[in-house]
Amino acid sequence: MIVIDGEHLTIEDVHKVSRKFEDVSLSKSAYDKMNKSRETIEKILEEGKPVYGVNTGFGALANVRISKDKLRELQRNIVLSHSAGIGEYLPEDIVRAMLLIRANALAKGYSGVRPIVVEKLLEMLNKRITPLVPEKGSVGASGDLAPLSHIAMSIIGYGKVIKDGKVLNISEIDYVPLELEEKEGLSLINGTQFMAAYLALIVRDLEKLMKIATLVAALSVDVLLGTPSAFDERIQLVRPHPGQLTIAQWLREYLEGSNLRESHKNCPKVQDAYTLRTIPQVYGAVYDTIQWAKEIISREINSATDNPLVFDSEVISGGNFHGEPLALCADYLAIALTSMGNMIERRIDRLVNPKINEGLPPFLAGGEEGLNSGYMIWQYTAAALCNENKILSHPASADSMPTSAYQEDHVSMGANAVRKLKKIYENIVSLLSIEAMLGCVALSARRPQTSSIHIEEFYDKIKLSLEKDCYFGKYFESVKDIILREVDT
């Protein structure tokens, strides 16, 4: 059971709830904070003061006063009218992450909603009810309005959900809709949870993936008869970027005790190509970027991101819904991963290219040369993935387009930034899987020499060997499944 209080949610918690279906509850302190902020809203309503989103219109209609007898209708209307998303439906884990992070933001007690609003979000999580949310429609400012509205629509009894693997109308399942009171509709849809959900899960997975990626890179170094001397700790300490130090340490650990390395220890080659020699510098920079992004997203998932916010007896309008921190974060990660993918592709080429693969069979083909093409075309596939990454890495946050009649005249485009990032991440997994597949085939070609204990353990999970042409795609899928299982643990 994960208990949320608005302050201590972790990205690993997000993973456990969104993918492993761990149950969630609301802390006592959160109940107290939410009740206190709700009392402030009730008092303002009694006094009749105009407060944005409580008794006024929204966006460019903020100056329109709404009569007291229509305030609940106002909250219902904003949810339904803002449910303007289109496109494919989001994966279930992203929607569940959105539910959790939104509940945690409201649990901070600055939104003026009743605790039952958070309880209904948690009920959906615990009953495994997942609203259908289209992927397109958010500009990442004023929050992720459209996708969050599709979630809120389910909470009030409209729309479709996934339950037990089936798409159903919410009216068909065991769920009692919530009637929203003043400000609650706005509080449900005004936040950064679409962007935050994507980033939390991607950053969490990237931390795991980097260790696997470094192991696979070490495999490539070994089978290409590279030297680990460039990973010497003394080199790293005179340029002590944390990521560089970490990656170099992992490389040294992964290559320690390699018999294959000992077999060419006295070769005349002075230094290796950059894609072998500068792994600590390149992967280290990527790792530092991931750690920076982790810090950003860890703060964000414990932040109040709606508007206006309630402080003691005062309600203040601000801009915490703006997604700029997350948009820049996603774009930076996209660029970093694209660069990493470029390095992976170059090592893939070195593994198959007979001009530079240190005596390995041309294209890692078994049997009669020419009759068998081996893994030649997998480098083409890698090149295609890298080209797509380069296109996708153009920063979405470099653009802005005014919305709501110039009231919301600068937006982050962070929703598109995280969607692009997810595709780049998936391409990186595929590139890494290709490198791992080819590296293991190359290691089999180096027999009877063996690599280090760590690399041999990895090889034993995959068990590929040099062979005549066949459909190699089945091996790729197998390797990819192994890597994804490692990330998921």
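Definitions and cut-offs
- Residues numbered from 1 in each chain as written.
- Predicted model: local features only at pLDDT ≥ 70, side-chain atom pairs only at ≥ 80, totals over all residues.
- Heavy atoms only, no water.
- 1 Å grid on protein atoms, 1.4 Å probe; cavity = no way out; pocket = protein on both sides within 12 Å on 5 of 7 lines; lining within 4 Å.
- Points joined across faces, edges and corners; volume = space filled by probe spheres on them.
- Helix = DSSP H or I, 4+ residues; strand = E, 2+ residues; numbered from the N terminus.
- Phe/Tyr/Trp six-rings, centres within 6.5 Å; stacked < 30°, edge-to-face > 60°.
- Buried < 20%, exposed > 50% of the residue type's maximum accessible area, 1.4 Å probe, protein only.
- Lys NZ or Arg CZ within 6 Å of the ring centre and 35° of its normal.
- Salt bridge = Lys/Arg side-chain N within 4 Å of Asp/Glu carboxyl O.
- Expected span 1.5 Å × (residues − 1).
- Pairing = 2+ DSSP bridges.
- Patch = residues over 30% accessible without salt bridge, like charges linked within 9 Å, V, L, I, M, F, W, Y side chains within 5 Å.
- Areas by Shrake-Rupley, 256 points an atom, 1.4 Å probe, with all protein chains shown as cover.
- Core = buried A, V, L, I, M, F, W, Y, C linked by side-chain atoms within 4.5 Å.
- Contact = heavy atoms within 4.5 Å.
- Axes fitted to C-alpha atoms, helices over the stretch in contact; angles between N-to-C directions.
- Parallel < 35°, antiparallel > 145°, perpendicular 65-115°, else oblique.
- Nonpolar A, V, L, I, M, F, W, Y, C, P; charged D, E, K, R; others polar.
- Arc of directions from axis to C-beta.

A.B. asks: Would you take a moment to explain the layout of surface pockets for this structure?
C.D. replies: Quantified by volume, the largest pocket comes out at close to 520 Å³. Lining the largest pocket are 25 residues, with H82, A141, S142, L145 and E408 sitting closest to its centre. When residues of the lining of the largest pocket are traced back to their parent elements, those giving at least two are α3 (71-81) and α6 (145-155).

A.B. asks: How should I be thinking about the packing of aromatic side chains in this particular structure?
C.D. replies: This model, assessed by the stated rule, comprises 7 aromatic pairs. Considering the side-chain rings of F472 and Y475, the 6.2 Å spacing of their centres and the 40 degrees angle between planes classify their relative orientation as tilted. This pair shows no difference in class: F472 is buried, exactly as Y475 is. Through a chain of ring-to-ring contacts, three or more aromatic side chains come together here, namely Y375, F472 and Y475. Looking at R447, its charged tip hangs above the ring of Y459, at a distance of 4.9 Å from the centre.

A.B. asks: Can you walk me through the pattern of salt bridges in this structure?
C.D. replies: Across all of its chains, the model carries 33 salt bridges by this definition. The residue E184 makes a salt bridge to R114 at a minimum N-O spacing of 2.7 Å. You can see E184 sitting in helix α7 (residues 184-189) and its partner R114 sitting in the loop between α4 (92-107) and α5 (115-126), a full 70 residues away along the chain. What emerges from the salt-bridge pattern is a single network uniting R38, E42, R72, R114, E179, E181, E182 and E184.

A.B. asks: Which parts of the structure should I look at to understand α4?
C.D. replies: In an α-helix, one turn spans 3.6 residues, which is why side chains three or four residues apart end up on the same side. Between its first and last C-alpha, α4 extends 23 Å over 16 residues, near the 22 Å set by a 1.5 Å rise per residue. Of all 16 residues making up α4, 15 are buried, and the element is well covered by its neighbours. The positive-phi residue at the C-terminal boundary of α4 is G109, with phi of around 90 degrees.

A.B. asks: How should the pairing of strand β6 (residues 160-163) be read in this particular structure?
C.D. replies: A regular strand places its side chains on the two faces of the sheet in alternate fashion. Relative to β6, strand β4 (residues 130-131) runs antiparallel, the two sharing 2 bridges. For T130, the partnering residue across the bridge sits in β6 and is I162. With 4 bridges joining them, β6 and strand β7 (residues 166-169) adopt antiparallel strand pairing. Paired with K160 across the bridge in β7 is N169. Joining the antiparallel neighbours β6 and β7 is a turn of 2 residues, in which D164 adopts a positive phi near 55 degrees.

A.B. asks: What am I meant to see in a nonpolar patch on the surface here?
C.D. replies: Side chains of Y110, F311 and I316 sit close together on the surface and give an oily, nonpolar patch of about 240 Å² of accessible area. Along the chain, I316 turns up in strand β9 (residues 314-316). The exposure class of I316 is partly exposed, given its relative accessible area of 38%.

A.B. asks: Would you explain the sheet that holds β6 in this entry?
C.D. replies: In a beta sheet, neighbouring strands pair by backbone hydrogen bonds and run either parallel or antiparallel. Within the open sheet, the 3 strands sit side by side as β4-β6-β7. Their pairing is antiparallel. Edge positions in the open sheet fall to β4 and β7, since each of these has one partner strand only.

A.B. asks: It is not clear to me how the nonpolar core should be interpreted in this structure. Could you clarify?
C.D. replies: Within soluble globular proteins, side chains that are nonpolar tend to cluster in buried spots. In terms of nonpolar packing, the biggest core is built from 155 residues, with I4, Y283 and Y375 touching the most fellow members. In this view, Y283 contacts M210, A213, T214, A217, I247, M340, M343, I344, R347 and E435; residues no more than four positions away in its chain are not counted.

A.B. asks: Can you help me understand the packing of α5 against α6 in this one?
C.D. replies: A pair of packed helices is characterised by two quantities: the angle between their axes and the separation of those axes. Between α5 and α6, the least distance of the axes is 11 Å, while the angle of their chain directions is 90 degrees. Of the possible angle classes, the one that applies to α5 and α6 is roughly perpendicular. Residues K120, L121 and M124 of α5 touch α6, and the partners they reach there are I151, S154 and I155. For the contact of α5 with α6, the residue count by class is 4 nonpolar, 1 polar and 1 charged.

A.B. asks: Can you help me understand α3 in this one?
C.D. replies: Looking only at α3, the buried set comprises L71, L74, Q75, I78 and V79. Looking straight down α3, one finds that the buried residues subtend no more than 130 degrees of arc, so they occupy a single side. The elements touched by buried residues of α3 are α2 (28-47), α6 and α7.

So yeah, pure geometry; function would need other evidence.
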